[in-house]
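# Understanding the architecture of this molecule
What follows is each chain in one-letter form.
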Amino acid sequence: MLKNVAIGVLLLIVIVEGFFIFRYRGEFHAARDQITKMITMPPAGPNARGGGKPITLGKGTDLKSTPLFKFAYQIAPGTISDNSKKVLTGWNVTTDEQADSSTVVTLTPKDSDDQNQSYTIKSGQILYFIEQTPSDDKTDSDKDLNYRDDYGIITDSKGIIQ
């Protein structure tokens, strides 16, 4: 008799545990989908709205074939163009040639010395400055009100992200 009760209790435990596993499985998948959405970027630009195909940038992506490319401004190598200078409002750009023929480009917000972005450009590579929201730039005071949305991307000469 005691065996039958023990088997019944164990069977009940297995059924209840199976129910909870089945129930929380959906929550696991929902959380995984939320993380996937956080990893991919929304459509590019200041007027972008949801519903479009997300842009996923990573090594090997052709920057020139993404909607983000229209917000990309070449800043290295070579002289920075006038168009690129306009989007660099609020930023100091310094370059330092290295012994191995690479160039270190440092982007520092003009109102913050303790934060910067540093990029090492090797021969044949291009550094683009991404500025999707120029509306946060105050050109009259040379200030970027939100410099956390501006960043660099290194590509090879064909536009493939490195």
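Data block above holds the structure.
Our subject in this report is the structure included herewith. (Residues numbered from 1 in each chain as written. Predicted model: local features only at pLDDT ≥ 70, side-chain atom pairs only at ≥ 80, totals over all residues. Heavy atoms only, no water.)

### A word on the overall build of the chain
- Secondary structure summary: the chain contains two helices and eight strands in total.
- N-terminal to C-terminal, the α/β element order of the chain is α-β-α-β-β-β-β-β-β-β.
- Expressed as a percentage of the 162 residues in the chain, the buried residues total 30%.
- Within the chain, residue pairs in contact and separated by at least 24 positions form 51% of the contacts whose partners lie at least 6 positions apart. (Helix = DSSP H or I, 4+ residues; strand = E, 2+ residues; numbered from the N terminus. Buried < 20%, exposed > 50% of the residue type's maximum accessible area, 1.4 Å probe, protein only. Contact = heavy atoms within 4.5 Å.)

### Overview of unusual backbone geometry
- Looking along the chain, the bond that leaves Ala76 and enters Pro77 is cis, with omega of -5°.
- Relative to the elements of secondary structure, Pro77 occurs in the loop between β1 (72-76) and α2 (82-87).

### With respect to the sheet that holds strand β5 (residues 125-130)
- The antiparallel open sheet is built from three strands, whose spatial order is β1-β5-β8. One side of each edge strand has no neighbouring strand; the edge strands of this open sheet are β1 and β8 (151-156). Neighbour-to-neighbour, the strand axes of the sheet open up by a mean angle of 40°, direction not taken into account. (Pairing = 2+ DSSP bridges. Axes fitted to C-alpha atoms, helices over the stretch in contact; angles between N-to-C directions.)

### Describing the pairing of strand β3 (residues 103-109)
- Burial runs high along β3: seven of the seven residues are buried.
- The two faces of β3 match: Thr103, Val105, Leu107 and Pro109 on one face and Val104, Thr106 and Thr108 on the other face are all buried.
- If you look at the hairpin formed by strand β2 (residues 91-97) and β3, you'll find five residues sitting between the two strands, and Ser101 has a positive phi there, around 70°.
- Pairing geometry for β3 and strand β4 (residues 117-121), over five bridges, is antiparallel. Bridge pairing in β4 links Val104 to Thr120.

### Structural notes on the nonpolar core
- Judged by nonpolar contacts, the single largest core of 13 residues is most densely connected at Ile75, Leu88, Leu107, Tyr119, Ile121, Leu127 and Phe129.
- At the level of secondary structure, the elements contributing two or more residues to this core comprise β1, β3, β4 and β5.
- Once residues lying within four places of it in the same chain are set aside, the contact partners of Leu107 are Ile75, Trp91, Asn92, Val93, Asn116, Gln117, Tyr119 and Phe129.
- In this structure, Leu63, Ala72, Ile126 and Ile161 belong to the second largest nonpolar core, which totals nine residues. (Core = buried A, V, L, I, M, F, W, Y, C linked by side-chain atoms within 4.5 Å.)

### Focus: the environment of Asp137
- With respect to the helices and strands, Asp137 occurs in strand β6 (residues 137-138).
- With 50 residues separating them along the chain, Asp137 and Val87 place their C-alpha atoms 7.9 Å apart.

Function cannot be inferred from these measures alone, as they are strictly geometric.
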